[in-house]
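# An overview of the molecular structure
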Amino acid sequence: MKRLILLLAFLPSFLSAEVVNCGYVEINRLLVQGDREGEHGHENALIVEPWKNNQHYHCEQRPYVYMKLDNPAYQSVLSVLLAAQAQGKKAEIWINSSVVVGGNASQIAWVSIAK
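Residues numbered from 1 in each chain as written. Predicted model: local features only at pLDDT ≥ 70, side-chain atom pairs only at ≥ 80, totals over all residues. Heavy atoms only, no water.

As a further point, take the side chain of Gln33. Along the chain, Gln33 turns up in strand β1 (residues 19–33). Not counting the four nearest positions on each side in its chain, Gln33 is found in contact with His42, Glu43, Asn44, Ala45, Ile47 and Leu69. (Helix = DSSP H or I, 4+ residues; strand = E, 2+ residues; numbered from the N terminus. Contact = heavy atoms within 4.5 Å.)

Here we come to the confidence of the model for the protein. Close reading of the predicted structure is inappropriate where its pLDDT is low. Looking at the protein, pLDDT values average 84 and 83% of them are 70 or higher. Between the elements of the protein, mean pLDDT differs from a low of 44, seen in helix α1 (residues 2–16), to a high of 95, seen in helix α2 (residues 74–87). Here residues 1–15 is a poorly scored stretch, pLDDT under 50, and it has zero contacts once near neighbours within four places are set aside; other chains count. (pLDDT = per-residue confidence, 0-100.)

Turning to the state of the cysteines, a few remarks are in order. Counted according to the given criterion, the structure contains one disulfide. Linked covalently through their sulfurs, Cys22 and Cys59 form a disulfide whose S-S length is 1.8 Å. Across the S-S bond of Cys22 and Cys59 the torsion is about -85°, and the bridge reads as left-handed. Here Cys22, found in strand β1, pairs with Cys59, found in the loop between β3 (55–56) and β4 (64–68); they are 37 residues apart in sequence, far enough to count as distant. A relative accessible area of 5% places Cys22 in the buried class. (Disulfide = S-S within 2.5 Å. Buried < 20%, exposed > 50% of the residue type's maximum accessible area, 1.4 Å probe, protein only.)

Quick look at the structure:
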C-alpha cells in the first residue's frame, strides 16, 4: 500500500514530462554563456532566442530554449542553429518541456533546418 501511495505521488510529474515541437522559428539571437558569478541557471549553456513573424516567440510560455555545454549533442545543435541563422533559414526546435533553467528557458531536445 505504501508503494502505491508513493507511486501515485510521483505520477503527475511523469505525466507532465513531454517533448514539445516549437515549430519552425527564426533564430534571432544565440548566446553561449560560460561560468557566471552567482546562480542564474543559464551558466555554461547555449541560450537561443526564437522568433516567429518578426517577434519574440514563447515556446510553452518561455522566451528562451537552452542546451548545457556539456550535453553530448551540444556541438551538433550549435552547428545546426548557426547554419540556419547564417543562411536565413528557419530551424525546427523540439524541447523537453519539463526541464527548465532560470525560470525562462526550456531544454532543447533536438533541432533541424527547414528547406
